[in-house]
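Chain by chain, the residues:
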Amino acid sequence: MKANINIGTNKGDRMANISRAVALISKLSLSAPKVSSIIETEPWGYESNNLFLNQGLEIETNLSPELLIAKLKEIESSIDNSSHRDKYGNYQDRVIDIDLIYMDSLVVNTESVILPHPRMQYRNFVLEPIIELDPEWIHPTLNLTASQLCKEIKE
């Protein structure tokens, strides 16, 4: 099964953070992963002077969504176990953020997994890597490609 993952960082040595995450996530793939270009973006959902670096990653896996998310969270914690939210529940700067965006056309909505990622269609930093890695992918509930979703954000 093809899994799309997005990695983000806006704290510390951002390039090293991305490289380390890609190397660790690659170990979960059954074959060489595909990686997108790295893009630099403004923080999403909060204010900060620290810009994010984001990169998309596509892996082949036979892991279930639940197990893949658990392993991604382990990798995230091994790089930095700081919370992504402040004491008020707001987003804050982070060394690493790893999100499972989708797995093929699976639609999952459980306590531990929501696929596709519930806010992916609002985030250019998620959609642009998908356009590069998997331009033909169609969101299974919105029935739109990443390019079409990206266009909707800009309109």
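Residues numbered from 1 in each chain as written. Predicted model: local features only at pLDDT ≥ 70, side-chain atom pairs only at ≥ 80, totals over all residues. Heavy atoms only, no water.

In terms of regular secondary structure, the chain is built from four helices and seven strands. The linear arrangement of helices and strands in the chain, starting from the amino end, is β-α-β-β-β-α-β-β-β-α-α. In terms of overall dimensions, the chain is globule-like: its C-alpha atoms have a radius of gyration of 15 Å, near the 15 Å expected for 155 residues. If you line up the chain on its principal axes, its C-alpha atoms span 40 × 35 × 30 Å. Across the 155 residues in the chain, those meeting the buried criterion constitute 47%. Mean positive and mean negative side-chain charge positions of the chain (15 and 22 charges, respectively) differ by 4 Å. (Helix = DSSP H or I, 4+ residues; strand = E, 2+ residues; numbered from the N terminus. Rg over C-alpha atoms; globule rule 2.2 N^0.38 Å. Buried < 20%, exposed > 50% of the residue type's maximum accessible area, 1.4 Å probe, protein only. Lys, Arg positive; Asp, Glu negative; His and termini not counted. Charge placed at Lys NZ, Arg CZ, Asp CG, Glu CD.)

Quick look at helix α4 (residues 146–154) now. Among all positions of α4, only A146, L149 and C150 are buried. For α4, the arc enclosing every buried residue in end-on projection is 100 degrees, short of the 170-degree limit, so these residues lie on one face. Opposite its buried face, α4 presents the exposed residues K151 and E152, each directed more than 90 degrees away. Where the residues of α4 are buried, they touch α3 (124–133). (Arc of directions from axis to C-beta. Contact = heavy atoms within 4.5 Å.)

The next subject is the packing of aromatic side chains. In total, this model carries two aromatic pairs according to the counting rule given. The lysine or arginine in question, R123, covers the ring of W44, its NZ or CZ lying 4.1 Å from the ring centre. (Phe/Tyr/Trp six-rings, centres within 6.5 Å; stacked < 30°, edge-to-face > 60°. Lys NZ or Arg CZ within 6 Å of the ring centre and 35° of its normal.)

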